[in-house]
Amino acid sequence: RASRPRLLAMAALIDEFAISDDPQGELSERLRKIQTNLSTAKEEKLELIQFLKNHKIRKPELVVKYGLQLIDAYQSHLGDDVWDMIEDVLISSLDIGNEQLAYDMYTRLDGKFKKPEGSIRLDRLKARIREFRGEYDRATKIYLSILSRDETNKHAYRRLACVAKAKGDPAGTVDALNEYLKIFPGDLEGWLELAEVYTSLERYEYVKFCYEEAILIEPHDYRFPLLYADALYSLGQQKRKTNMKDPIETAKYLSSNCCSSSRRSGSGGGGCRCKSSSRVAGLESFLSLPSDDGELLLVYSIIDDSLPVLKSVFGVRVRGCVVVRTYYIQALELCPGNIRALLGLAMCIRYLKVTPQTQKLFEWIEKEVTKAYAKAGSGGRNMLQYVLKALRQ
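Note that the structure is a prediction, hence the values are computed from the model and not measured.

Rules and cut-offs
- Residues numbered from 1 in each chain as written.
- Predicted model: local features only at pLDDT ≥ 70, side-chain atom pairs only at ≥ 80, totals over all residues.
- Heavy atoms only, no water.
- Core = buried A, V, L, I, M, F, W, Y, C linked by side-chain atoms within 4.5 Å.
- Buried < 20%, exposed > 50% of the residue type's maximum accessible area, 1.4 Å probe, protein only.
- Helix = DSSP H or I, 4+ residues; strand = E, 2+ residues; numbered from the N terminus.
- Contact = heavy atoms within 4.5 Å.
- pLDDT = per-residue confidence, 0-100.
- Phe/Tyr/Trp six-rings, centres within 6.5 Å; stacked < 30°, edge-to-face > 60°.
- Lys NZ or Arg CZ within 6 Å of the ring centre and 35° of its normal.
- Expected span 1.5 Å × (residues − 1).
- Arc of directions from axis to C-beta.

Give a description of the nonpolar core that names residues and reports values.
Core analysis: the biggest nonpolar cluster contains 62 residues, and Tyr-143, Leu-194, Tyr-328, Val-369 and Leu-391 have the highest contact counts within it. Broken down by element, this core gets its largest block of residues, nine residues, from helix α20 (residues 339–349). Not counting residues within four places of it along the chain, the set of residues in contact with Tyr-328 comprises Leu-226, Ala-229, Asp-230, Arg-340, Ala-341, Gly-344, Leu-345, Met-347 and Cys-348. Of all hydrophobic cores here, the second largest spans 30 residues; its members include Ile-34, Val-64, Tyr-106 and Leu-122.

Following this line, the structure appears as structure tokens:
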């Protein structure tokens, strides 16, 4: 029995050198093998659960289903790895809302590993069950108790932030994450979570810092230059936002004043030659479109570049726009054809001085946007006409 191979360790070794480029496709293939190859289902199930761990795919229903089958039918074959499997099933059962199963798994672990001085691992699982029940204060006490015994317990710090977030306490979440990142500054997920909380609080100067750290940790991931550029643009909006709450009404006001002053001066044959009125109408029609896409928000901000008040509400300083443009370009270098980066780049160019170079770049953006939406089927083609209308105005 002592020399029997540890199947979970073998499965981990197999998958360590086989990280899939298409995890979802490989997951479907593994499930098909389990259903067709009943004679080797045990090994396939072990490899499936390890595959989900390695690729960080959250499928708790699969872990519960196949984990229970392995625990019940092959406990002696699993050896000591059965306890890791029980812990996985416990966490996954909480994810699917099966508290009774989670408690049953905890009882098994408690009967095996309970110690007079207490067990940090068991306390951690007990706290997770408390969280599931909504007993956040009791869960917090358990996590603090763990930290009093192990000041660098990564899991306890992260769960304190989760508890604060579940309680609807953004300030507490920020404090917990900051304490955590002081000790573990290389944790990418921690910085992204902190950026999300700061975004909800509209503290874009801190959001910017979080994405700077993310870029340092993962410099080849296109998402972080893109998010950093969005944060810079949002920060510019926030700093230059005026007290005028309705840009449409303000634009109409400026347009009418412009036209009336032109008529008084007799210029332009008794009328104003600016395009403010037509642009206001275009902005109104665009805002009436039903959509929740973040892309529309970018298009919304570039649809009118001739009215100073809209520049004030939606724009950024030219110097800042050059910096934002740089990071949108970096995102496009890492992920060519990304529609969000393309629209962000167009948004910046509209606030820069028109030159042959910027005009050529803008034409290239229009072609790339057209190609991207054309690949999205009929829905994308329908959306394209509104996007191009915004870009060309």
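Having put the structure on the table, let's press on.
Outline the confidence of the model for the protein, supporting the account with residue identities and numerical values.
Detailed conclusions should not be drawn from predicted coordinates in areas where pLDDT is low. Across the protein, the average pLDDT comes to 77, with 72% of residues at 70 or higher. This model gives residues 250–255 a pLDDT under 50, and the stretch forms 10 contacts once residues within four places in sequence are excluded.

Any details on the packing of aromatic side chains? Residues and values, ideally.
Taken as a whole and judged by the stated rule, the model has five aromatic pairs. Between Trp-191 and Phe-209, the ring centres sit 5.7 Å apart and the planes meet at 75 degrees, which makes this aromatic pair edge-to-face. Separated by 18 residues along the polypeptide, Trp-191 in helix α12 (residues 188–200) and Phe-209 in helix α13 (residues 204–217) bring together distant segments of the chain. For Phe-209, a relative accessible area of 40% corresponds to the partly exposed category. Taking NZ or CZ as reference, Lys-154 lies 5.7 Å from the ring centre of Phe-184, over its face.

Break down helix α9 (residues 136–149) for me, citing the residues and quoting the values.
Note on helix geometry: an α-helix contains 3.6 residues per turn, so any two residues three or four positions apart are oriented the same way. Taking 1.5 Å per residue, 14 residues should reach 20 Å; α9 reaches 20 Å between its end C-alpha atoms and fits that length. Along α9, the residues that are buried comprise Ala-139, Ile-142, Tyr-143, Ile-146 and Leu-147. The arc that holds the buried residues of α9, viewed along the axis, is 140 degrees, so those residues lie on one side. Along α9, exposed side chains directed more than 90 degrees from the buried face belong to Asp-137, Lys-141 and Ser-148. On the buried face of α9, the contacting elements are α8 (120–132) and α10 (154–166).

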